[in-house]
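A closer look at the structure
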Amino acid sequence: MSNGLNISLKSYDSIFQSEEQRNTEEIKPVPISELKPFTEQPFKVKLDEDMDALVESIKQCGVLTPAIARPHKDGGYEILSGRRRVKACELAGITDIPVVIKNLDDDTATILLVDSNLQREHILPSEKAFAYQMKLEAMKRKAGRPSKENLTPVESDYEKLRTNEKFANEVGESREQIRRYIRLTNLVPELLEFVDEGRIKMRPAVELSYLDEDCQRDVVDEIDLNDCTPSHDQTIRMRKFFDEGKLTTEAIQAIMS
């Protein structure tokens, strides 16, 4: 068990942002059974070679950086950062993991979760899509955009623009590229999986995102039937037909043939 709690003080310090936080936030071993996933978690935990390497590393060296979590309203803790480490500990037979407990509101927790996971080396387009959407919405709410409970507009166009620019700078993407990623959240799961697999590129995927669900599923059927995905030009034609109310199943078949 001691290996599971082998953490350096430097790892602690790298998590905190101020002396006040170091004095008020708690680090403690938490049973894995008490840790719960974040609501609408956009990032996946894969049981791949990287996970095998992480499990072996934890067996040999312990958990060098604690997970981050916040108290869950139903008891236990909600994981904000370190879900892969938690899974690796479970696979390694370690029952407790060191956790930094933070008391955070929903928007701050969302931003922390996205920021900590965007540091990963391999991120799927679908993960970025939902993560960008979650963080941008949280940032806008914190900047004054009305919540569902308060529909009174309080954020000016200038403030909205500044939020978008700040977000782009933080994630290192252009605002147009961020817009493209967020459009992917409008795809049906089958098409989004094709994007993750690299079978459909970003620009044609964005065009398909403007089609309704029925048309998108017709596209999925054509892909499965012909074992080919539409080009950018083909998806532009589909979107034009859709905007004109002319995109039928037959039209999709004709365009993709």
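The rules behind these values
Residues numbered from 1 in each chain as written. Predicted model: local features only at pLDDT ≥ 70, side-chain atom pairs only at ≥ 80, totals over all residues. Heavy atoms only, no water. Salt bridge = Lys/Arg side-chain N within 4 Å of Asp/Glu carboxyl O. Helix = DSSP H or I, 4+ residues; strand = E, 2+ residues; numbered from the N terminus. Buried < 20%, exposed > 50% of the residue type's maximum accessible area, 1.4 Å probe, protein only. Core = buried A, V, L, I, M, F, W, Y, C linked by side-chain atoms within 4.5 Å. Contact = heavy atoms within 4.5 Å. Expected span 1.5 Å × (residues − 1). Polar contact = N/O pair within 3.5 Å; in protein donor to acceptor, adjacent residues only side chain to side chain. Axes fitted to C-alpha atoms, helices over the stretch in contact; angles between N-to-C directions. Left-handed = near helix turned anticlockwise from the far one by under 90°. Nonpolar A, V, L, I, M, F, W, Y, C, P; charged D, E, K, R; others polar.

What about the pattern of salt bridges?
This model, assessed by the stated rule, comprises 18 salt bridges. Between Glu173 and Lys128 there is a salt bridge, and its shortest N-O distance comes to 3.0 Å. Pair noted here: Glu173 is in the loop between helix 7 (157–171) and helix 8 (175–183) and Lys128 is in helix 6 (residues 125–143), with a separation of 45 residues, a long-range link. With respect to burial, Glu173 and Lys128 carry one shared label: buried. Here Glu244 ties to Lys246 by a salt bridge, and the two come within 3.8 Å at their closest N and O atoms. Salt bridges here are not isolated pairs; linked through shared partners, they connect Arg70, Glu78 and Asp106.

A closer look at the nonpolar core
Within the largest apolar cluster, 48 residues are counted, with the highest numbers of intra-cluster contacts made by Leu184, Leu191, Val219 and Met238. Of all the elements in the fold, those that place two or more residues in this core are helix 5 (106–117), helix 6, helix 7, helix 8, helix 9 (189–197), helix 10 (202–208), helix 11 (213–226) and helix 13 (249–256). A per-element tally of this core places helix 6 first, with seven residues. Other than its neighbours up to four places away in sequence, Met238 contacts Leu208, Leu211, Val219, Pro230, Leu247, Ile252, Ile255 and Met256. By size, the runner-up hydrophobic cluster in this structure holds 20 residues, among which are Ile58, Val63, Tyr77 and Ile94.

Describing the side chain of Arg180
One can find Arg180 in helix 8. Here Arg180 falls in the buried class, since its relative accessible area comes to 14%. Residues in contact with Arg180, not counting those within four places in the same chain, are Met202, Arg203 and Val206.

Re helix 5
Here helix 5 contains 12 residues, and its C-alpha end-to-end distance of 17 Å stays within 8% of the 16 Å for a straight helix at 1.5 Å per residue. Among the residues making up helix 5, those that are buried are Asp107, Ala109, Thr110, Ile111, Leu112, Leu113, Val114 and Asn117. If you check the start of helix 5, you find a side-chain oxygen 3.1 Å away from the backbone N of Asp107, and it comes from Asp105.

Considering the packing of helix 5 against helix 6
Two numbers describe a pair of packed helices, the interaxial angle and the distance between the axes. The N-to-C vectors of helix 5 and helix 6 enclose an angle of 145°; their axes lie 9 Å apart at closest approach. Helix 5 and helix 6 meet at a crossing whose hand is left-handed. Between helix 5 and helix 6, the contacting residues are Asp107, Thr108, Thr110, Ile111, Val114 and Asp115 on the first element and Ala131, Met134, Lys135, Ala138, Met139, Arg141 and Lys142 on the second. Tallied by class, residues from the contact of helix 5 with helix 6 come to six nonpolar, two polar and five charged.

Concerning the side chain of Ser126
Structurally, the position occupied by Ser126 is in helix 6. Each residue touching Ser126, except ones within four places of it in the same chain, is listed here: Lys44, Leu192 and Asp196.

Regarding the environment of Pro189
Among the secondary structure elements, Pro189 is positioned in helix 9. When its relative accessible area of 57% is taken as the criterion, Pro189 is described as exposed. The spacing of Pro189 and Ser126 is 63 residues in sequence and 9.5 Å in space, taken between C-alpha atoms.

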